[in-house]
Amino acid sequence: MTTHHTEDRLQHYEFDQYTVTTNFATYEDAVNYANEHQGELVEVGFTDGSDNPTPNDSAKLVESKKPFKVELPDHPNYRVLYSDAEGFQEMADQILFEMKKAENDMLPEDILSDQNIAPGDRIIITDESGVNTVTTRERIKFLMRGNVYELAVKTNNI
């Protein structure tokens, strides 16, 4: 069994009786982590600007086998594209190319070093005028006042 999660990527939230671990790159990473740490898959939400996860299964992440979902209630015209969406990497590469061009930073080594604009949880936000931004879950939580739902692993504290 191959596990792709890295401890430095994961976020741990300590509660009295248990710990909730979030920020998995894939559904499979969460399942593997749960198996390795004798934990259980749970769904949590970071809503209303909360820094701490609360139980929330409204995104149906286990059912859809997705690691997270974003809702932008203050921005109903925005569309959210996740790194697992068809065409995401091509769109991300094009965005990166346009950003580099606009910044007059077209050195080949710079372009090659940024080939993966979409590692982990990169998200593209679009609206009717096109691409709005490339961002992450954390930025959506705090800057866009979005609701972020994540697949998490709950382990008991000993």
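Up top is the structure these notes are about.
The model shown is predicted, which means the values in this text are computed figures rather than measured ones.

(A) Quick peek at the overall build of the protein. A count of helices and strands for the protein gives five helices and nine strands. Listed by position from the N terminus, the elements making up the protein come as β-β-α-β-β-α-β-β-α-α-β-β-α-β. Counting every position in the protein, which comprises 158 residues, the buried fraction comes to 39%. Considering only intrachain contacts with a sequence separation of at least 6, the fraction spanning at least 24 residues in the protein is 64%. Counting only carbon and sulfur atoms, one obtains 47% of the accessible surface of the protein, whose full area is about 9,400 Å².

(B) Spatial organisation of the pairing of strand β2 (residues 18-22). Counting buried residues along β2, four of its five residues qualify, which places the element largely inside the surrounding structure. Hairpin connection of strand β1 (residues 11-14) to β2: three residues between the antiparallel strands. Here β2 pairs with strand β9 (residues 147-156) via four bridges, running antiparallel. Of the residues in β9, the one forming a bridge with T21 is V153.

(C) Spotlight on the nonpolar core. If you look at the biggest cluster of nonpolar residues, it comprises 16 residues, and the most contacted ones within it are V70, L72, V80, I123, I125 and I140. Elements represented by at least two residues in this core include exactly β3 (40-46), β5 (68-71), β6 (79-82), β7 (123-127) and β9. Ranked by residues supplied to this core, first place goes to β3 with three residues. Apart from the residues within four sequence positions on either side, I140 is in contact with V70, L72, I123, I125, T135, R145, G146 and V148. Membership of the second largest hydrophobic core comes to eleven residues, among which are Y27, A34, A59 and Y149.

(D) Quick peek at helix α1 (residues 27-36). Regarding α1, the residues found buried are Y27, D29, A30, N32, Y33 and A34. Next to the buried residues of α1 lie β1, β2, β3, α2 (61-64) and β9. Of the residues one or two after α1, Q38 is the one with positive phi, at around 50°.

(E) Local environment of the side chain of E150. With respect to the helices and strands, the residue E150 is situated in strand β9. Of note is the side chain of E150, whose polar atom sits 2.9 Å from the backbone nitrogen of N23.

(F) Fine view of the packing of aromatic side chains. This model, assessed by the stated rule, comprises three aromatic pairs. A ring pair is formed by Y13 and F46, whose centres lie 5.7 Å apart and whose planes are at 55°; its orientation type is tilted. Of this pair, Y13 sits in strand β1 while F46 sits in strand β3, and the two are 33 residues apart along the sequence. Given the relative accessible area of 1%, F46 is considered buried. A cation sits over an aromatic face here: K154 above Y18, 4.4 Å from the ring centre.

(G) Broad picture of unusual backbone geometry. With a phi angle near 50°, Q38 is a residue other than glycine that sits in the positive phi range. As for its placement among the helices and strands, Q38 is situated in the loop between α1 and β3. If you check the backbone angles, K60 has positive phi at about 55° while not being a glycine. Tracing the backbone shows K60 in the loop between β4 (54-55) and α2.

The rules we used
- Residues numbered from 1 in each chain as written.
- Predicted model: local features only at pLDDT ≥ 70, side-chain atom pairs only at ≥ 80, totals over all residues.
- Heavy atoms only, no water.
- Helix = DSSP H or I, 4+ residues; strand = E, 2+ residues; numbered from the N terminus.
- Buried < 20%, exposed > 50% of the residue type's maximum accessible area, 1.4 Å probe, protein only.
- Contact = heavy atoms within 4.5 Å.
- Areas by Shrake-Rupley, 256 points an atom, 1.4 Å probe, with all protein chains shown as cover.
- Pairing = 2+ DSSP bridges.
- Core = buried A, V, L, I, M, F, W, Y, C linked by side-chain atoms within 4.5 Å.
- Polar contact = N/O pair within 3.5 Å; in protein donor to acceptor, adjacent residues only side chain to side chain.
- Phe/Tyr/Trp six-rings, centres within 6.5 Å; stacked < 30°, edge-to-face > 60°.
- Lys NZ or Arg CZ within 6 Å of the ring centre and 35° of its normal.

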